[in-house]
Amino acid sequence: MLKIRNIQKHFSGIKAVDGCSFDVEKGKITALIGPNGSGKTTMFNLICGNIKSDGGEIIFSTPTGERNIVGMPIEKISNYGISRLFQQSRLFKNLTVLENLLVSEDNEDQKFWKNIFGLNKFDKSKIDKANKILGDFEIKDIAHLTAGELSFGQKRLVEIARNILNYHTVLVLDEPVAGVNPKIREKIAKIITQLKKDGETILLIEHDMQFTLGISDKVIVMDAGKIITTGTPEEIRNNPEVLRIYLGK
Amino acid sequence: MISAYFIHLLILIGIYIILAISLQLAVGYGGLLNLGHISYFGIGAYVYTILLFHGVNFWICFLLAGFSAAFFGWMSAIGIRKLKGDYLALVTLGFSFVTYAVLINWTELTRGPLGIAGIPRPVLFGFGTNENMVYLVFVFVIAAISYFFINKIVSSPFGKVVEAVRDDEISAKSLGKSTFKIKCINLATSAFFAGIAGCLYASYITFIDPSSFTFSNVIPIILIIIIGGLASLPGTILATFFIILLPEPLRFIGFSSSIVGPARQIVYALILLIVLYYKPRGFYGKLDLE
């Protein structure tokens, strides 16, 4: 699905990502863990096109075949099927929750004349689709609120809903449960578990080890820009090197 | 006499409504603080006038005034591709100075500081518009069409993407939106209507010169959109009436004309301060000023 090959990124001589290679398999949850500053978010930024790599390849299975997406614009990578949840809330704060979801549903809204002549509308099917996911996430009552009015946990749920509605073949989730209360955390865990059952492909960063190891199929551990080990959650849990660098044991 | 004066004010209000709602599209909805908006107004006025004096049909001049301004709007969007906020404002401000310099120095085309006088009023469907009342109707019909069109844009899914780009460009890109294209269309559409307003202004005043299209002339329009409230078309219309009419009593106090001009600027400044203090979102604004 997604093959990272010898990807590199340096910032003024500091190796943020240093020759990392790994695969994200279809229908599996792959987790990227590591201490702060280990290069996880930089890796996500490289995959999603937010920053350009200094070397290496990112091969993505698009509907038209495998492509090296390194250097491609963010929007093109998104349209190929990578949908990203950011670490910080990036909702459109002056749009309502419903509008935030509707904007993510398709890209017909970019066609000026089609919209002006009423050939593209937020019709019932689109609104129903957005309302359904709000219902599934038990947040339908906040549909009319602007995103700026929401609590952090509500924002997180809306953002996940928005990422699911956005066209994708891979969901890239950057710390989905960081900073949320235990109730929302549990809700997000259920959502991700359901996504896994539905056969979604997910690449995940999360500091919460219990959460990550409980949900992932494969775990990649990074430290100082390098991948130090890869394995199943069970293997990672018992790996002394991981315990040393990540848990400080 | 009084009615002629009020008709004159209403015509100016009609022209300013088009100018202000078009700027609202760029600033309030698109988040593009375009201080060069007056340039598109000037480009529209000059293109209309020059073509009209070359014997081109009024409606063609009218549309080309809009399209030529739209072209420069699109080009501006290319120029500010990687800019936002203060930097974008500065570059667009620079564009207004460049436009002024071109208008004043390209004397073969624009007659420079002498301006172009004797611009005829159009004859529309057999009706002359030399009567100000007829011209008022014409201006308000165009203003209504402009409002309808801009309202259609901002209410459509396209309008929501424009707002999404304003709120968070990276996030919009991550949802697959071509934010550059959206900004180009936004600025071009905004400039189109400013060009149309320029055309109406030229044919109403019947004289244009570069001094009508300087940076100082954009200040009342920015004031209108702030007082009306960002991302609010009804607020913009209300504020246009307010801003155009409020300084008018100064004319009747008995000040000399050299004082009325600066006094109007003082009134504008006071209105801005009072509104920002007591009602920071303006009349019907949906956003905070940031």
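Note that the structure is a prediction, hence the values are computed from the model and not measured. (Residues numbered from 1 in each chain as written. Chains lettered and ligands numbered in written order. Predicted model: local features only at pLDDT ≥ 70, side-chain atom pairs only at ≥ 80, totals over all residues. Heavy atoms only, no water.)

Considerations on the overall build of chain A
Put simply, the test is: The helix count covers DSSP runs of H or I at least four residues long, the strand count covers runs of E at least two residues long, and both are numbered beginning at the N terminus. Atoms considered for the radius of gyration are the C-alpha atoms alone. The globule rule reads 2.2 Å times the number of residues to the power 0.38. The buried label applies to any residue whose accessible area, calculated with a 1.4 Å probe on protein chains only, is under 20% of its type's maximum; exposed applies above 50%, and partly exposed to all values in between. Note on contacts: a residue pair qualifies if any of its non-hydrogen atoms lie within 4.5 Å across the two residues.
Secondary structure summary: chain A contains 10 helices and 10 strands in total. The C-alpha atoms of chain A give a radius of gyration of 19 Å, which matches the 18 Å a tight globule of 249 residues would have. The 249 residues of chain A split such that 53% are buried. Within chain A, residue pairs in contact and separated by at least 24 positions form 65% of the contacts whose partners lie at least 6 positions apart.

Thoughts on the interface of chain A and chain B
The condition is simple: The term buried area denotes the loss of accessible surface (1.4 Å probe radius) that occurs when two parts are joined, taken as the sum for both partners. Salt bridge criterion: a side-chain nitrogen from Lys or Arg within 4 Å of a carboxyl oxygen from Asp or Glu.
Each partner contributes residues to the interface: chain A has 27 residues there, and chain B has 29 residues. The contact between chain A and chain B buries some 2600 Å² in all, and 62% of this surface belongs to carbon and sulfur atoms. The largest share of the area that chain A buries against chain B comes from Phe92(A), Gln110(A) and Phe112(A), three residues that together contribute 25% of it. Residue Glu99(A) pairs with Lys160(B) through a salt bridge whose shortest N-O separation is 3.4 Å.

Describing the pattern of salt bridges
Residues and elements named next belong to chain A. This model, assessed by the stated rule, comprises 25 salt bridges over all chains. For Lys124, the salt bridge is made with Asp128, and the minimal N-O distance between the two is 2.8 Å. In this pair, Lys124 and Asp128 both sit in helix α5 (residues 124-136), 4 residues apart, roughly one turn of the helix. Owing to a relative accessible area of 61%, Lys124 belongs among the exposed residues under this scheme.

Topic: the packing of helix α3 (residues 97-105) of chain A against helix α6 (residues 152-165) of chain A
Residues and elements named next belong to chain A. Stated precisely, the cut-off is as follows: Interaxial angle, 0 to 180 degrees, is taken between N-to-C directions of lines fitted to C-alpha atoms, where a helix line uses only the stretch in contact. What sets the label is the angle itself: under 35 degrees gives roughly parallel, over 145 gives roughly antiparallel, 65 to 115 gives roughly perpendicular, and the rest give oblique. Each crossing is labelled by how the near helix is turned from the far one, with a counterclockwise turn of less than a right angle marking it left-handed and a clockwise turn marking it right-handed.
Running from amino to carboxyl end, α3 crosses α6 at an angle of 25°, the nearest separation of the two axes being 8 Å. In this view, α3 runs roughly parallel relative to α6, as classed from their interaxial angle. Handedness of the α3/α6 crossing: right-handed. Contact with α3, carried on its side by Val97, Asn100, Leu101, Ser104 and Glu105, involves Val158, Ala161, Arg162 and Leu165 of α6 and no other residues of that element.

Quick look at the sheet that holds strand β1 (residues 2-11) of chain A
Residues and elements named next belong to chain A. Quick reminder of the rule: Paired strands, in this sense, are two strands between which DSSP finds at least two bridges.
Pairing within the open sheet is antiparallel, and its 4 strands lie in the order β2-β1-β4-β5. Since the sheet does not close on itself, it has two edges, and those belong to β2 (14-24) and β5 (65-68), each with one partner. For this sheet the average axis-to-axis angle between neighbouring strands, irrespective of direction, equals 20°. By the bridge criterion, 8 bridges tie β1 to β2 in an arrangement that is antiparallel. Considered in β2, the bridge of Leu2 is made with Val24. Strands in contact with helix α1 (residues 40-48) are β1, β2 and β4 (55-62); relative to β1, the strand with the most contacts, it is inclined by about 115°.

Observations concerning a nonpolar patch on the surface
Note the following rule: Exposure above 30% relative accessible area and the lack of any salt bridge qualify a residue for a patch; like charges then connect within 9 Å, and the nonpolar side chains Val, Leu, Ile, Met, Phe, Trp and Tyr within 5 Å. Computed with a 1.4 Å probe, the accessible areas rest on the Shrake-Rupley method; for each residue, only the protein chains presented here act as cover.
Together, Ile266(B), Leu270(B), Leu273(B), Ile274(B), Tyr277(B) and Tyr278(B) give the surface a local cluster of nonpolar side chains, amounting to about 760 Å² of exposed area. Note on placement: Leu270(B) falls in helix α13 (residues 257-278).

Section: helix α10 (residues 219-228) of chain B
With 9 of 10 residues buried, α10(B) lies mostly within the body of the structure. If you check which residues of α10(B) are buried, you get Pro220(B), Ile221(B), Ile222(B), Leu223(B), Ile224(B), Ile225(B), Ile226(B), Ile227(B) and Gly228(B).

Some remarks on the sheet that holds strand β10 (residues 226-231) of chain A
All names here are of chain A. Spatial ordering of the open sheet is given by β6-β7-β8-β3-β9-β10, a layout of 6 strands whose pairing is mixed. Every other strand in the sheet has two partners, leaving β6 (82-85) and β10 as the edge strands with one partner each. The average angle at which neighbouring strand axes cross in this sheet is 15°, direction not considered. Note: strand β7 (residues 170-174) against strand β8 (residues 201-205), 5 bridges, orientation parallel. From the neighbouring strand, Leu173 faces β8, where its bridge partner is Leu204.

Thoughts on the pairing of β8(A)
Residues and elements named next belong to chain A. Rules: Seen with its strands pointing away from the viewer, a crossover is right-handed when the path leading from the first strand over the helix to the second is clockwise.
The buried fraction of β8 amounts to 5 of the 5 residues, a majority that puts the element mostly inside the structure. Residues of β8 alternate between two faces, with Thr201, Leu203 and Ile205 on one and Ile202 and Leu204 on the opposite face, all of them buried. Following the backbone out of β7, through helix α7 (residues 182-197) and into the adjacent parallel β8, one traces a crossover that is right-handed.

Some points on unusual backbone geometry
Not every positive phi belongs to a glycine, and Glu138(A) is a case in point at roughly 60°. Looking at the secondary structure, you find Glu138(A) in the loop between α5 and α6. Notably, Phe125(B) is not glycine yet its phi reads approximately 50°, a positive angle. Here Phe125(B) shows up in the loop between β2 (123-124) and β3 (127-128).

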